[in-house]
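So the chains spell out like this:
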Amino acid sequence: MAHRHIRRGANEEQDAAQLKLGEEFQNAHCLFISELNILLEAQRESKDHSGENRPQTNVLQKTVSYVQSFSRFTNRDSVREVRGYEFSLLAKDSSLSQFEIAQLANLCCDDSEEAKALIPSLHNKIDDDRLQELMNQMLTIKKFQG
C-alpha cells in the first residue's frame, strides 16, 4: 500500500485492490490502453500532415511502444464497440467503477476467475456468470476485429 501526504498532515492510504486510488481519481474518466493507442496514433498523423519535425521524447517513444504492445483492440470500431458495451454495463450495474471497467477492457481476461484474481475489487461486486458474459463479449469483439 502506498501512502501519500495530503493537506493538514494526514496520510491518505492508496490501494487499487480496494479502489482507494486517491482523491484526484475519484471521478476521473479512465481510458482503455486501446483508446490511448488511437489518440497517440492520431497525434502522430496530425504531426505528419502538418510537417512538424519535432523528435519524439524518450518517454513518448516508450509510451507508444507500450500501448502498441498491450492494446487489446486494434481498430477504432472495436474500441468504440467495447466502450459502448462497457458504458451500457456501467449503466446497468452501477456498482462497477470506471477504473474496474477500464481494467477489464485492458486485461481482456479469458474468464471471470482470472478477472477477479487480477482485479480484486470485483469480488462481491459482480457475480461470476455476469462477469463471464462480459468477458465473452469482449473476447468476441477482439476475435472479429478487422
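Residues numbered from 1 in each chain as written. Predicted model: local features only at pLDDT ≥ 70, side-chain atom pairs only at ≥ 80, totals over all residues. Heavy atoms only, no water.

1. Section: the overall build of the chain
A count of helical and extended segments in the chain gives six helices and two strands. Every one of the 146 residues in the chain was classed for burial, and the buried ones make up 34%. Counted over contacts in the chain with a minimum sequence separation of 6, partners at least 24 positions apart contribute 60%. (Helix = DSSP H or I, 4+ residues; strand = E, 2+ residues; numbered from the N terminus. Buried < 20%, exposed > 50% of the residue type's maximum accessible area, 1.4 Å probe, protein only. Contact = heavy atoms within 4.5 Å.)

2. So, the state of the cysteines
Linking two cysteines covalently through their sulfur atoms gives a disulfide. The final tally for this structure, using the stated rule, is zero disulfides. Between cysteine 108, a free cysteine, and cysteine 109, which holds the nearest cysteine sulfur, the sulfur-to-sulfur gap is 7.6 Å. Judged by its relative accessible area of 3%, cysteine 109 is buried. (Disulfide = S-S within 2.5 Å.)

3. A look at the packing of aromatic side chains
One pass over the structure, following the stated rule, counts one aromatic pair. Ring centres of tyrosine 66 and phenylalanine 70 lie 4.7 Å apart, and the angle between their planes is 40 degrees; on these two criteria the pair is classed as tilted. With tyrosine 66 and phenylalanine 70 both in helix H2 (residues 58-70), this residue pair falls four residues apart, about one helical turn. Residue classification places phenylalanine 70 among the partly exposed positions, given a relative accessible area of 37%. Above the ring of phenylalanine 32, the side-chain terminus of arginine 83 is found at 3.9 Å from the ring centroid. (Phe/Tyr/Trp six-rings, centres within 6.5 Å; stacked < 30°, edge-to-face > 60°. Lys NZ or Arg CZ within 6 Å of the ring centre and 35° of its normal.)

4. With respect to the confidence of the model for the chain
For any part of a model where pLDDT is low, the fine detail of the predicted coordinates should not be relied upon. Per-residue confidence for the chain gives a mean pLDDT of 83; residues scoring 70 or more make up 86%. Within the chain, no element has a lower average pLDDT than strand E1 (residues 2-5), which sits at 49, and none a higher one than helix H5 (residues 112-118), at 95. (pLDDT = per-residue confidence, 0-100.)

5. Some words on the environment of glutamate 86
Within the element layout of this structure, glutamate 86 appears in helix H3 (residues 76-92). The class for glutamate 86 is buried, based on a relative accessible area of 1%. Taking the C-alpha atoms as reference points, glutamate 86 and methionine 138, separated by 52 residues in sequence, lie 9.3 Å from one another. With residues up to four places along the chain from it excluded, the contact list for glutamate 86 reads Phe32, Ile101, Ala105, Leu134 and Met138.

6. A few points about the pattern of salt bridges
Going through the model one piece at a time under the given rule, you end up with six salt bridges. Linking arginine 44 and glutamate 41 is a salt bridge whose minimum nitrogen-to-oxygen distance equals 2.3 Å. Taken together, the residues arginine 44 and glutamate 41, both in helix H1 (residues 33-50) and three residues apart, mark about one turn of the helix. In this structure arginine 44 comes out as partly exposed when scored by relative accessible area, which is 36%. The salt bridge partner of glutamate 133 is arginine 130, with a shortest N-O separation of 3.0 Å. Of this pair, glutamate 133 and arginine 130 both sit in helix H6 (residues 128-143), three residues apart, roughly one helical turn. (Salt bridge = Lys/Arg side-chain N within 4 Å of Asp/Glu carboxyl O.)

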